[in-house]
Number of protein chains: 2
Amino acid sequence: MKNILIIGAGRSATACIKYVLNQAAKFDWNVTVADFNIDLAEEKVNGHPNGTAARLDVSQVKERRALVGAADVVVSLLPAFLHLEVGHDCIDLRKHLITASYVSKEMYQLSEDAKSRELIFMGEMGLDPGIDHMSAMQTINEIKAKGAKLTSFKSYTGGLVAPESDTNPWHYKFTWNPRNVVLAGQGTAQYLEDGKFKYIPYMRLFKEHETIDIPGMGVYETYANRDSLLYKEVYGLEDIPTILRGTIRAEGFCKAWNALVQIGLTDDSYPILSSDELTYLEWMEAYLDKDIEGGSVRERTAKFLGETPDSEVMDKLAWMGLFENEKIGLKEASPAKILENLLLEKWKLQPEDKDMILMQHIFEYELEGKQKRMTSTLIMKGHDASDTAMARLVGLPLGIFVKLVMQGKINKIGVNIPVEYEVYEPVLEELKEFGVEFKHEETDV
Amino acid sequence: MKNILIIGAGRSATACIKYVLNQAAKFDWNVTVADFNIDLAEEKVNGHPNGTAARLDVSQVKERRALVGAADVVVSLLPAFLHLEVGHDCIDLRKHLITASYVSKEMYQLSEDAKSRELIFMGEMGLDPGIDHMSAMQTINEIKAKGAKLTSFKSYTGGLVAPESDTNPWHYKFTWNPRNVVLAGQGTAQYLEDGKFKYIPYMRLFKEHETIDIPGMGVYETYANRDSLLYKEVYGLEDIPTILRGTIRAEGFCKAWNALVQIGLTDDSYPILSSDELTYLEWMEAYLDKDIEGGSVRERTAKFLGETPDSEVMDKLAWMGLFENEKIGLKEASPAKILENLLLEKWKLQPEDKDMILMQHIFEYELEGKQKRMTSTLIMKGHDASDTAMARLVGLPLGIFVKLVMQGKINKIGVNIPVEYEVYEPVLEELKEFGVEFKHEETDV
């Protein structure tokens, strides 16, 4: 094997491309970086002798298949809904495929075809999903190996801004797809607590948040992800009474975001008529409960939310500009789109800003009649807005896994996610060289 | 023209079929009643000399087109999403088409084809939509004819149970599609108030209800329908500052239904795992806010809702059986499906029960410098569970309009809804013979 194709050269691809080019120099591989925007691809290849930039419109089947056909391993960093097309190419042309996205039902359906052709189709090989799976499975298997019985598994991840770059009342900046941040949590969160199903609908999700304490960092808020139940089987925890996966945010975030949810501003299902002509203040007024009378829009919004006009929550909303007489300027946009557009500048990572990834797993288990609790915590900060911890933690596992596949060290064929020793052990081991290390604390309960 | 085809012989078709058969005897028309269940069609035709029952699987194009081809006028009482296929048949085979459903965007796209073939495609020719359009337009045009300027139009309709048959704490029974009742209001209500857009998201809809006073009946609650803005142009009220359409429910209904919404029980978007094995009580427990501790599931649910355990709202929930240790018995059902199934028996119209339709339009207008207010109110009760006011008020406008078309009295070709004098005047006039009469009250404001 000699040729690697990386499709997608956007911000999230930087760390992966850099790592793979470095390895390519060592092992004499060729790396093709393909993007719709060839300038972007060229910028990322940056004249590296083992690298080639290519222009690719993924909707053009012929071009796409020509590039896939010339590769041995394909990394797709496209938006998740585009992976499947590339997956079919890889089946037809007998190529390995690696992505950092959640594996869709449709992609899983390619598993038998991939197996019969001895192809490795690895998904969820980034940060979350990715490093979360690998680090959790490593500890789960260690605990099981002691002969202990797991009684609870909770796992939280957050892509945040580092305290030294935290300059706004939300204590948050965008380090990932802003649209996904605005729509996060829609649907109903499902998890298991003491052997019982628990459901939290979206409209209650940010209200019923919890807190965790990250050693050395302090208290953060968490809210439940939609899909915790899925991971019972995937993690080999069929009989575990409690399993929950969640998202980490700074203190105070959830209550204020809940205010936006309760007003109705995160809805993406309908356009606001004449939204380009409205000001943010007029838009807010359109959502006021008409039974609440008297006072400014800010005062009436506060009353609706059960807040005082100068509460922390109201300060956060005001800081966003929701009570300003400035035009929205977007045509027929959904509330969620308006919100995303408003936050895009406000929550923008400035060039010198450092982002920060927090991940914490909390395991509870029974060993020799004793109840134990173990936390496993990762804290990692980025360097600046172009070299973020987020991009590194998504890109490095991808890159390391590409190397392992190129070296013929991976035997796991079919569609998989990184939950097996053969996969997570070498990836986590090499990640340590990049400072990605979990701290473990064990206590009696 | 001699032949009428009525597709669909379910409960909602009874009054329409009966009326059309009566007219057919007078005018020597043939009426074919087609249904997937031919027994049902035969039962409705009931040996009438002008009637024929036919078995029709609407997915069978050949059968369907044979029946449509033999008719002059087609009435589709199919579920709304099936009208379009029949619409295409009617275009190809040059037949008039009448339905009681909301006209879809796709159906409107057939308008030019219908016009060029001189076909009448009339939709929204039932109760709501139907009689609401016709009665509103009649009064709107009368007010305009006086030289007055309309400043506000609000219109409310409710399909309820008559007070003498009201035997449960919700003061509600099903007289129409139960699924639609459970899902009612999902989305975001949009209307216009004092020249400003207003938005009420679903999670706030039943909380922010209003009240109206129906002369002789007392106070009822109303909540906004999704789509009020659409009717500004349709009703020729382009410049009106206030327009709102809403649904009528008994006092206390909205607060209790809001409790179900807040808990999350009206969601139709995901299945409850192992729902057949759970009891209603366990299901409710799965939705409890975990921060609320102590007490029974009923007590904790009350706390979550800000109610006392014996409040009216809690009594309504308990009456439904939500706190019973009885098995749900439905496999992998969505919350909304479980709720519908639970209510199906509890809210069933008993054989002797009378239903009741309430409709009220409230017009405000300026005439010769004075502010006036006019209410136009319809109250109609059914006879029993098989001869409901609902079925009559849906079926009679359809039947009357079929007659007008058969008689060649309608010139309005293309896809339309009944907002023009030529259409509403004769229909409303004949409806009076069936006791469908609006009472008007005019007052100075």
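Residues numbered from 1 in each chain as written. Chains lettered and ligands numbered in written order. Predicted model: local features only at pLDDT ≥ 70, side-chain atom pairs only at ≥ 80, totals over all residues. Heavy atoms only, no water.

Draft legend 1. Up close: the relation of the copies chain A and chain B. Note on the copies: chain A fits chain B at an RMSD of 0.1 Å, the axial shift is 0.0 Å, and the rotation between them is 180°. Those values place the two copies in the arrangement expected of a two-fold rotation axis. Scanning chain A for the C-alpha nearest the rotation axis identifies Met 203 of chain A, at a separation of 3.7 Å. (Least-squares fit on C-alpha atoms with pLDDT ≥ 70 in both.)

Draft legend 2. Quick look at the side chain of Thr 151 of chain B. Position of Thr 151 of chain B among the secondary structure elements: in strand S7 (residues 149-161). Excluding residues that lie within four positions of it along the chain, Thr 151 of chain B makes contacts with Ile 240, Pro 241, Thr 242, Glu 364, Tyr 365, Glu 366 and Gln 371 of chain B. (Helix = DSSP H or I, 4+ residues; strand = E, 2+ residues; numbered from the N terminus. Contact = heavy atoms within 4.5 Å.)

Draft legend 3. Representation of the interface of chain A and chain B within the structure. Listed as interface residues are 33 residues of chain A and, on the opposing side, 33 residues of chain B. Approximately 3000 Å² of surface area, both sides summed, lies buried where chain A meets chain B, with 51% of it carried by carbon and sulfur atoms. For the interface between chain A and chain B, the tally reads 6 salt bridges. Here Glu 210 of chain A ties to Lys 290 of chain B by a salt bridge, and the two come within 3.2 Å at their closest N and O atoms. The interface formed by chain A and chain B contains 18 residue pairs in polar contact (both at pLDDT 80 or more). For the side of chain A that touches chain B, the secondary structure elements donating two or more residues are strand S8 (188-193), strand S9 (196-201), helix H9 (202-205), helix H11 (253-263) and helix H12 (280-286) of chain A. (Buried area = accessible area lost by both parts, 1.4 Å probe. Salt bridge = Lys/Arg side-chain N within 4 Å of Asp/Glu carboxyl O. Polar contact = N/O pair within 3.5 Å; in protein donor to acceptor, adjacent residues only side chain to side chain.)

Draft legend 4. Structural view of the pattern of salt bridges. All names here are of chain A. For the structure on display, the rule yields 54 salt bridges over all chains. Notably, a salt bridge pairs Asp 353 with Lys 173, separated by 2.7 Å at the nearest N-O pair. Taken together, the positions of Asp 353 in the loop between helix H15 (335-346) and strand S13 (355-367) and Lys 173 in the loop between strand S7 (149-161) and helix H8 (178-183) put the pair 180 residues apart, joining distant regions of the chain. The same class applies to Asp 353 as to Lys 173, namely buried. For the salt bridge of Arg 179 with Asp 268, the shortest nitrogen-to-oxygen distance reads 2.9 Å. With Arg 179 in helix H8 and Asp 268 in the loop between H11 and H12, this pair connects stretches of sequence that are 89 residues apart. Residues participating in the shared-partner salt-bridge network are Arg 64, Arg 65, Glu 85, Asp 89 and Asp 92. (Buried < 20%, exposed > 50% of the residue type's maximum accessible area, 1.4 Å probe, protein only.)

Draft legend 5. Broad picture of the sheet that holds strand S1 (residues 3-7) of chain A. All names here are of chain A. Strand order in the open sheet made by the 7 strands is S3-S2-S1-S4-S5-S6-S15, with parallel pairing throughout. In this open sheet, the two strands that pair with only one neighbour each are strand S3 (51-55) and strand S15 (414-416). In this sheet, adjacent strand axes meet at a mean angle of 20° when their direction is disregarded. By the bridge criterion, 4 bridges tie strand S4 (residues 73-76) to strand S5 (residues 96-99) in an arrangement that is parallel. Pairing of Val 75 across the sheet is with Ile 98, part of S5. (Pairing = 2+ DSSP bridges. Axes fitted to C-alpha atoms, helices over the stretch in contact; angles between N-to-C directions.)

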